[in-house]
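Observations on chain architecture
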Amino acid sequence: MAAVQYDLLKILIVDDSKPMRIMLSEIFRSLGCRDLRQAGDGTEALQILRKTTIDVVVTDLAMAPMDGIKFVRELRNAPDSPNKFLPVIMITGHATGRRVAEARDAGVNEFLAKPITAAGVLDRLRRVISSNRSFAKSDDYFGPDRRRRTSQTYRGPLRRRTDHCAVGSIEL
């Protein structure tokens, strides 16, 4: 894997807690990231994304008035979305199975439970940068392919684009 040039990344941190935004900013700065933007909720984040090119979004789940789930759904599905394919890392203290599934189903690329560590943030950042996950579109989902591995023992229907069967093209 090629070395990541963290100093070239443009990162948007979305969290209603200013101390959390500051802590995340310090973690990214320690990696060498210089271009960091901040938003207090999903609505403000979408405004920033419409004006600025961003490489990665790190968002909290629980915010008001627009929480992280609704923000990611808007980012992935709104006709006027500034970048439907933008990598999103969701951070939350509400890491129940139901909330993780809800985030995944909204189109989040990676998930990180609080309390966070610099190593955890770095791991998720590396995953979204180096990830080659394609995006999937269905009647009720648009986002990164939720399947992370191929099972050698799976004998069900093949539905990946790389499978040896006909698959329709993605239209956005």
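Residues numbered from 1 in each chain as written. Predicted model: local features only at pLDDT ≥ 70, side-chain atom pairs only at ≥ 80, totals over all residues. Heavy atoms only, no water.

**With respect to the packing of helix α2 (residues 42–51) against helix α3 (residues 68–77)**
Remark: α2 packs on α3, axes separated minimally by 9 Å, with the N-to-C direction vectors making an angle of 30 degrees. Put simply, α2 runs roughly parallel to α3. In this structure, α2 crosses over α3, and the sense of that crossing is right-handed. Facing Gly42, Ala45, Leu46 and Leu49 of α2, the residues of α3 in contact are Phe71, Glu74 and Leu75. Of the residues belonging to the contact of α2 with α3, the class tally is five nonpolar, one polar and one charged. (Axes fitted to C-alpha atoms, helices over the stretch in contact; angles between N-to-C directions. Helix = DSSP H or I, 4+ residues; strand = E, 2+ residues; numbered from the N terminus. Parallel < 35°, antiparallel > 145°, perpendicular 65-115°, else oblique. Left-handed = near helix turned anticlockwise from the far one by under 90°. Contact = heavy atoms within 4.5 Å. Nonpolar A, V, L, I, M, F, W, Y, C, P; charged D, E, K, R; others polar.)

**Observations regarding the pattern of salt bridges**
Applying the stated criterion across every chain yields a total of eleven salt bridges. Of the charged contacts in the structure, one is a salt bridge between aspartate 35 and arginine 37, with a shortest N-O distance of 3.0 Å. Residue arginine 37 is classed as partly exposed on the basis of its relative accessible area, which comes to 31%. For aspartate 123, the salt bridge is made with arginine 124, and the minimal N-O distance between the two is 3.1 Å. (Salt bridge = Lys/Arg side-chain N within 4 Å of Asp/Glu carboxyl O. Buried < 20%, exposed > 50% of the residue type's maximum accessible area, 1.4 Å probe, protein only.)

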